[in-house]
Amino acid sequence: MKIKRFSGGLHPPEHKSTAARAIEQCSLPDELVIPLAQHIGAPAEPCVVIGDTVAKGQLIAQPRGFVSVPIHASSSGVVTAVEPRLHPMGRPLLAIVIKPDGRDAWPDGLEGGMNPLLVNPLTLPPSRLRDMVCNAGVVGLGGATFPTHVKLSPPGGKKIDTLILNGVECEPYLTADHRLMLEETGRVLAGIDILRRILGVERVCIGIEENKPDAIAVMRDACVRRDIEVIALKVMYPQGAEKQLILAVTGRQTPSGGLPMDVGVVVQNVGTAAAVADAIIHGRPLVERIATITGPALVEPKNLRIRIGTSLRHLVAECGGLREEVVKVIMGGPMMGQTQLSLDVPAIRGTSGLLLLGKNAVATRSEGPCIRCARCVSVCPARLLPTTISAYARRDMIAEAERFNALDCIECGCCAYSCPARIPLVQSIRQVKGAILAKRRLS
Ligand code: SF4
Ligand code: SF4
C-alpha cells in the first residue's frame, strides 16, 4: 500500500538519546499527590477521607458522568490530605495525598494485580470489556488523556472498520513508547486483541516511524500470525497526530471539525493498549505509566516506570539530579508539552515525559514583527493560516479566528518552531480556541 504523506510538518532534531535505555522502575516517593483532574472530562469525586488506609489500586475517586474516569491509589498507605495542590496545568486543583507505607501492597496480598481474570478475555462480550476498561480508569496515554471507554463507544450509525495503534512517538526526546514496544511487546499485543474484540474491526494497523527499525522488526515478528499490519512511516513531525496518522495509514482525510470515527477509524496509543491488557487480564487499574525523563540539564536521562502522583522533583533525583541550572521544565515533549512552573507538581496519567533544559538549550531571542515569510503556513499540517489566526486572536477578533478554522489547530507547534520572528503563535491560537469554545457553550 502506498503511504500517504500529510502536507506541512517538519523534522526537528530528534534528541532521542534514551532510545537504548531500558525501562527502570522508579523508587517509591515519600508522598503521592494524585489530582482528581487527570483526564479530558469531569474531574473525579473523592471517595476517601483523611486518615483512611488504602491498598495499591484501591478506588479513591469516582467518575462523575460518562466522560470521566475513576482514580486509584498508586501505592498502599494512608490518606493525609484531600486539598488543592499545584497541578501541571499551572494552578492548584483538588488532589488526594497519600503517605506510602513502603509495602506497595495490592489488596489481599495479590502480587501485581487485583483480580486476575480466569477466563479468556476474548470470550467476554464487548460491553463487559468496555466497562472493565472504564472501571480501571484507562485514558489515552499518548498525552491526550481522553477516557478510553468513550473512544470505544462510537455512537450508533458510526461504523468503525479500522483500529490504528499509534507507535509513532514523533516528539523529539521521547522514547517511552519505543521502549514499551521493544520490551513489553506481549502487553501491547494482548491489549490490541482486546481492543479489536471491543470494536469488532477487521483491519488493525500499528504505525511506527522509520527511525525505530528495531521496534518495527520486533512488532512485525510478533504480529506474523495475528493479522495486524505494522506500517513503517516517514519520519516527519507531527506524524503521530491522529488526523495525520489516519491519512498516512488509510488514505482517509478527516474532515474539518470531524473526528477519527467520522472516517471509520479509532486510534489508540500503544501505551493505552498495554494499560487495557493490564485492566482486563490482571484487573489492574491505571496507577503507573512509562515516561522519558530527559534533557541536557539532567545527569542521567532514563525511561522510568512511574507511579501516578510522584513529584517531578523525585523523578529528577531518580535520574541523578541536575548537571546545570534549569531554565525550562516541560512536561511531555518540546513541541506539544506543557511548561512547568515548579518541580513540586505530580506526574499524572498524561505525563509521557519530562524535559529539563538549561540556558544553552533555550532560545532567548525576543519576539519581533511578522516579516510575512509564510513559513508558518507552509509547515502547518492542518492547512491553516497561523499568522492570520494569531493576529485575530491577539485583537480578540474571535469570530474572524473561527472563520479561519482556528478550532482545527492541533497545537503541534510547527508554526511557532519555524517562525523567524519568534511570534508565540500557538499560545495565541490556543487562547482563541478556548474563547471560541466558551462562546459556543454560552450560545
Ligand atoms: S500549532 Fe496549529 S496553526 Fe500552528 S502549525 Fe500546528 S496546527 Fe498549524
Ligand atoms: S513564520 Fe512568523 S514571520 Fe513568517 S509569516 Fe509566519 S508569523 Fe510571520
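See the structure shown above.
Keep in mind that what you see is a predicted model, and the values were worked out from it rather than measured. (Residues numbered from 1 in each chain as written. Chains lettered and ligands numbered in written order. Predicted model: local features only at pLDDT ≥ 70, side-chain atom pairs only at ≥ 80, totals over all residues. Heavy atoms only, no water.)

Asker: Hey, could you run me through the overall build of the protein in this one?
Answerer: Broken down by element type, the protein carries 13 helices and 17 strands. By the compact-globule yardstick of 22 Å for 443 residues, the protein fits well, its C-alpha radius of gyration being 21 Å. C-alpha atoms of the protein, sized along the principal axes, occupy 65 × 50 × 50 Å. Counting every position in the protein, which comprises 443 residues, the buried fraction comes to 53%. In the protein, of all internal contacts separated by at least 6 residues, the share reaching a separation of at least 24 is 73%. Put simply, the protein shows about 19,000 Å² of open surface, and 53% of that area lies on carbon and sulfur atoms. Charged side chains of the protein number 51 positive and 41 negative; the gap between the two group centres comes to 7 Å. (Helix = DSSP H or I, 4+ residues; strand = E, 2+ residues; numbered from the N terminus. Rg over C-alpha atoms; globule rule 2.2 N^0.38 Å. Buried < 20%, exposed > 50% of the residue type's maximum accessible area, 1.4 Å probe, protein only. Contact = heavy atoms within 4.5 Å. Areas by Shrake-Rupley, 256 points an atom, 1.4 Å probe, with all protein chains shown as cover. Lys, Arg positive; Asp, Glu negative; His and termini not counted. Charge placed at Lys NZ, Arg CZ, Asp CG, Glu CD.)

Asker: Explain empty space enclosed by the protein here, please?
Answerer: The method is simple in principle: a probe with the dimensions of a water molecule rolls over the atoms, and the space it marks as empty is what remains. Tallied over the full model, the rule gives two cavities of 30 Å³ or more. Taken as a whole, the largest cavity spans an internal volume of roughly 90 Å³. If you trace the largest cavity, you find 13 residues lining it, with Cys 380, Cys 409, Ile 410, Cys 412 and Cys 415 closest to the centre. Class assignment for the residues of the lining of the largest cavity results in 11 nonpolar, one polar and one charged. Approximately 70 Å³ is the volume found for the second largest cavity. What lines the second largest cavity is a set of 14 residues, among which His 11, Pro 12, Glu 14, Cys 170 and Val 235 lie closest to the centre. In the lining of the second largest cavity, the residues fall into eight nonpolar, two polar and four charged. (1 Å grid on protein atoms, 1.4 Å probe; cavity = no way out; pocket = protein on both sides within 12 Å on 5 of 7 lines; lining within 4 Å. Points joined across faces, edges and corners; volume = space filled by probe spheres on them. Nonpolar A, V, L, I, M, F, W, Y, C, P; charged D, E, K, R; others polar.)

Asker: It is not clear to me how the site of ligand 1 should be interpreted in this structure. Could you clarify?
Answerer: Every residue near ligand 1 is listed here: Cys 380, Pro 381, Ala 382, Pro 386, Cys 409, Ile 410, Glu 411, Cys 412, Gly 413, Cys 414, Cys 415 and Ile 429. A molecule is said to occupy a pocket when more than half its atoms come within 2 Å of that pocket's grid points, and by this definition ligand 1 occupies the largest cavity. (Near = heavy atom within 4 Å. Sits in = over half its atoms within 2 Å of the grid points.)

Asker: It is not clear to me how the sheet that holds strand 14 (residues 302-307) should be interpreted in this structure. Could you clarify?
Answerer: Adjacent strands of a sheet pair through backbone hydrogen bonds, lying either parallel or antiparallel. Taken in spatial order, the six strands make up an open sheet running 1-14-13-17-15-16, and their pairing is mixed. Both edges of this open sheet fall to strand 1 (23-25) and strand 16 (338-340), since each of them pairs with a single strand only. Pairs of neighbouring strands in the sheet enclose a mean axial angle of 30°, with direction left out of account. Across the sheet, helix 3 (residues 176-183) touches strand 1, strand 13 (288-294) and strand 14, and the angle it forms with strand 13 is around 125°. (Pairing = 2+ DSSP bridges. Axes fitted to C-alpha atoms, helices over the stretch in contact; angles between N-to-C directions.)

Asker: Looking at this model, I keep getting lost on the site of ligand 2. Mind explaining?
Answerer: In the region of ligand 2, the neighbouring residues are Cys 370, Ile 371, Arg 372, Cys 373, Ala 374, Cys 376, Thr 387, Cys 419, Pro 420, Ala 421 and Ile 423. Of the residues contributing to the shell around ligand 2, the split by class is nine nonpolar, one polar and one charged.

Asker: Sorry if this is basic, but what is going on with unusual backbone geometry here?
Answerer: Excluding glycine, residues mostly have negative phi values, and the peptide bonds linking residues are mostly trans. The residue after Tyr 237, namely Pro 238, is reached through a cis peptide bond having omega 0°. Relative to the assigned elements, Pro 238 resides in the loop between strand 11 (229-233) and helix 6 (242-250). The backbone phi angle of Asp 227 is positive, close to 60°, even though this residue is not glycine. In this structure, Asp 227 sits in the loop between helix 5 (213-223) and strand 11. The phi dihedral of Arg 383 falls on the positive side, at around 55°, and the residue is not glycine. Its location among the elements puts Arg 383 in the loop between helix 9 (375-379) and helix 10 (386-394).

Asker: Sorry, what's going on with the sheet that holds strand 5 (residues 59-62) here?
Answerer: On the basis of which strands lie adjacent, the open sheet formed by three strands has the order 3-5-6 and antiparallel pairing. On the outer flanks of this sheet lie strand 3 (45-46) and strand 6 (71-72), each paired with one strand and no other.

Asker: I'm lost on helix 1 (residues 126-135) in this one. Help?
Answerer: It helps to recall that an α-helix has 3.6 residues per turn; residues three or four apart then point in one direction. Turning to helix 1, its buried residues are Leu 129, Met 132, Val 133 and Cys 134. Positive backbone phi, approximately 70°, marks Gly 137, located one or two places after helix 1.

Asker: How should I be thinking about the environment of Leu 357 in this particular structure?
Answerer: Within the element layout of this structure, Leu 357 appears in strand 17 (residues 353-357). We classify Leu 357 as buried; its relative accessible area is 8%. Along the chain, Leu 357 and Gly 258 lie 99 residues apart, while their C-alpha atoms are 36 Å from each other. The contacts of Leu 357, once residues within four sequence positions are left out, are Tyr 173, Pro 296, Ala 297, Glu 325, Val 326, Val 327, Lys 328, Ile 330 and Val 362.

Asker: Any chance you could explain the nonpolar core here in plain terms?
Answerer: Within soluble globular proteins, side chains that are nonpolar generally end up buried alongside one another. Within the largest apolar cluster, 46 residues are counted, with the highest numbers of intra-cluster contacts made by Leu 163, Leu 165, Val 188, Ile 192, Ile 206, Met 219 and Ile 280. When contributions to this core are tallied by element, the ones reaching two or more residues are helix 1, strand 9 (162-166), helix 3, helix 4 (185-199), strand 10 (203-209), helix 5 and helix 7 (270-282). Excluding residues that lie within four positions of it along the chain, Leu 165 makes contacts with Ile 192, Leu 195, Val 204, Cys 205, Ile 206, Gly 207, Gln 268, Asn 269, Val 270 and Ala 273. Listed in part, the 19 residues of the second largest apolar core include Leu 10, Ile 246, Ala 248 and Val 263. (Core = buried A, V, L, I, M, F, W, Y, C linked by side-chain atoms within 4.5 Å.)

Asker: Explain the packing of helix 3 against helix 7 to me, please; I cannot follow it from the model alone.
Answerer: Two quantities define a packed helix pair, namely the angle between the axes and the distance from one axis to the other. The geometry of helix 3 relative to helix 7 is characterised by a closest axis approach of 9 Å and an angle of 50° between their N-to-C directions. Between helix 3 and helix 7, the interaxial angle falls into the category oblique. Together, Asp 177, Leu 180 and Met 181 of helix 3 and Val 270, Gly 271 and Ala 274 of helix 7 make up the contact between the two elements. Class assignment of the residues belonging to the contact of helix 3 with helix 7 gives a composition of four nonpolar, one polar and one charged. (Parallel < 35°, antiparallel > 145°, perpendicular 65-115°, else oblique.)

Asker: Honestly, the packing of helix 3 against helix 5 in this entry has me stumped. Any pointers?
Answerer: For the pair helix 3 and helix 5, interaxial distance at closest approach is 9 Å and the crossing angle is 35°. With respect to the hand of their crossing, helix 3 and helix 5 are arranged in left-handed fashion. Of the residues in helix 5, those in contact with His 178, Met 181 and Leu 182 of helix 3 are Asp 214, Ala 215, Val 218 and Met 219. When grouped by side-chain class, the residues that make up the contact of helix 3 with helix 5 number five nonpolar, one polar and one charged. (Left-handed = near helix turned anticlockwise from the far one by under 90°.)

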